[in-house]
Amino acid sequence: MNVSESKYVGASACFHCHQAEYQVWQATKHASSFDSLLGNEKQKYYCLQCHTTDGAQHLAGFKIKNVECEACHGMGEAHVKAHTLQDKTLIAESKMTIPNREKLCLRCHGDKQSMSLEAFDYTKMWGKIIHGKNQKKS
Ligand code: HEC
Ligand code: HEC
Ligand code: HEC
Ligand code: HEC
């Protein structure tokens, strides 16, 4: 497959190979962000754009419920296939690295609508959801 054809696969598809990261994520509020929406808020694109992985796809029927791995790392289908098939070319092309971390967070945390009273502090907030290599270092 080609990376540009990649789709969302959901956090459970990452569990098999990234159990440590999955367990950290599951304990954060990102993993229950959809449950914070009540009644018809669950159908409002405005709320869904920050409280699920992809508001538009959610409304179109694909129930990626929460702010899952792919809300931050991008669509994962190609990455999963690449590592499952040990396809070196596809592994290189489907890296799930994040080019600009702070900008990523501010997509959802920057707005006043985020109900946070404080300005977003990347170091502090990343510290609350830290996973991956950095997690082992600290
Ligand atoms: C797709 C939107 C989205 C992105 C991107 C996002 N977040 Fe969040 N984040 C949320 C939502 C929504 C909540 C609140 C979930 C709830 O309680 O319903 C939240 C909650 C949190 C919390 C818990 C707040 C607390 O005080 O306990 C932390 C920490 C956090 N995010 C850190 C980050 C960091 C760091 C980044 C960037 C690496 C990030 N978030 C990117 C949507 C997002
Ligand atoms: C621009 C992104 C954004 C939009 C739009 C948004 N939220 Fe949030 N929401 C967040 C973030 C980020 C947090 C967590 C703030 C923090 O703790 O720092 C949050 C927190 C919350 C919380 C508190 C959850 C908790 O665990 O205490 C509720 C409830 C909530 N949002 C409901 C809604 C509803 C309802 C809508 C639509 C009317 C909505 N939000 C729209 C980003 C957003
Ligand atoms: C709120 C955003 C966010 C969510 C949700 C999230 N991550 Fe991350 N993740 C990051 C950031 C930021 C980094 C550190 C920056 C980087 O190196 O890409 C990271 C790092 C990683 C790394 C390590 C990369 C490295 O080289 O050290 C792995 C593996 C990873 N995440 C997997 C996952 C998995 C699996 C999930 C879901 C179970 C997940 N992430 C959920 C933002 C997120
Ligand atoms: C079949 C196993 C497998 C699955 C499933 C998988 N990954 Fe990975 N992933 C790997 C391997 C192997 C690495 C390379 C680890 C290393 O070199 O430290 C990796 C690396 C990463 C990295 C670091 C950057 C990169 O691409 O090398 C991130 C972030 C990541 N995975 C996120 C995810 C997310 C999100 C999912 C679910 C959508 C996922 N992975 C599913 C095996 C997998």
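Small disclaimer: the values here were computed from a predicted structure and weren't measured.

**Regarding the overall build of the protein**
So, step 1. Helix and strand content of the protein: 10 helices and zero strands.
So, step 2. Relative to the 2.2 N^0.38 estimate, which gives 14 Å for 138 residues, the radius of gyration of the protein is 16 Å and therefore close to what a compact globule would have.
So, step 3. Taking the principal axes of the C-alpha coordinates as reference, the protein spans close to 45 × 40 × 25 Å.
So, step 4. By the burial criterion, 17% of the 138 residues in the protein qualify as buried.
So, step 5. Expressed as a percentage of contacts within the protein between residues at least 6 apart in sequence, the contacts between residues at least 24 apart total 48%.

**Considering the domain arrangement of the protein**
Quoted interface sizes are often the accessible area lost when the parts come together.
So, step 1. Taken domain by domain, the protein holds domain 1 (3-97) and domain 2 (99-129).
So, step 2. Relative placement of domain 1 and domain 2: their C-alpha centres are 18 Å apart.

**Details of the site of ligand 1**
So, step 1. Near ligand 1 there are 19 residues, and of these Lys29, Ser36, Cys105, Cys108 and Lys128 occur at the shortest range.
So, step 2. Mapped onto the shell around ligand 1, the elements with two or more residues apiece are α3 (45-51), α5 (69-73), α8 (101-109) and α9 (122-129).
So, step 3. Here the shell around ligand 1 takes six residues from α8, the largest share from any one element.
So, step 4. Of the residues that constitute the shell around ligand 1, the class distribution is 10 nonpolar, five polar and four charged.
So, step 5. Taken together, domain 1 (3-97) and domain 2 (99-129) each give at least three residues to the shell around ligand 1, which thus spans both.

**Concerning the environment of His83**
So, step 1. You can see His83 is positioned in helix α6 (residues 77-85).
So, step 2. The class for His83 is partly exposed, based on 14 C-beta atoms found within 10 Å.
So, step 3. For His83 and Ser32, which are 51 residues apart along the polypeptide, the C-alpha to C-alpha distance reads 28 Å.
So, step 4. Setting aside residues up to four positions removed in sequence, His83 forms contacts with Cys17 and Ile91.

**What to know about unusual backbone geometry**
So, step 1. One non-glycine residue with positive phi stands out, namely Gln86, at about 55 degrees.
So, step 2. With respect to the element layout, Gln86 can be found in the loop between α6 and α7 (88-93).

**Here we look at the environment of Phe34**
So, step 1. Positionally, Phe34 belongs in the loop between α2 (19-26) and α3.
So, step 2. When neighbours within four sequence positions are excluded, Phe34 is seen to be in contact with His51, Thr52, Lys65 and Asn66.

**What to know about the environment of His58**
So, step 1. Among the structural elements, His58 can be located in helix α4 (residues 55-59).
So, step 2. Put simply, His58 and Arg107 are 49 residues apart on the chain and 18 Å apart in space, counted from C-alpha to C-alpha.
So, step 3. The residues contacting His58, other than those within four sequence positions of it, are Leu48, Thr52, Lys63 and Ile64.

Calculation rules
- Residues numbered from 1 in each chain as written.
- Chains lettered and ligands numbered in written order.
- Predicted model: local features only at pLDDT ≥ 70, side-chain atom pairs only at ≥ 80, totals over all residues.
- Helix = DSSP H or I, 4+ residues; strand = E, 2+ residues; numbered from the N terminus.
- Rg over C-alpha atoms; globule rule 2.2 N^0.38 Å.
- Buried ≥ 20, exposed ≤ 12 C-beta atoms within 10 Å, placed from the backbone.
- Contact = placed C-beta atoms within 7 Å.
- Domains from an automatic or database assignment.
- Near = placed C-beta within 6 Å.
- Nonpolar A, V, L, I, M, F, W, Y, C, P; charged D, E, K, R; others polar.

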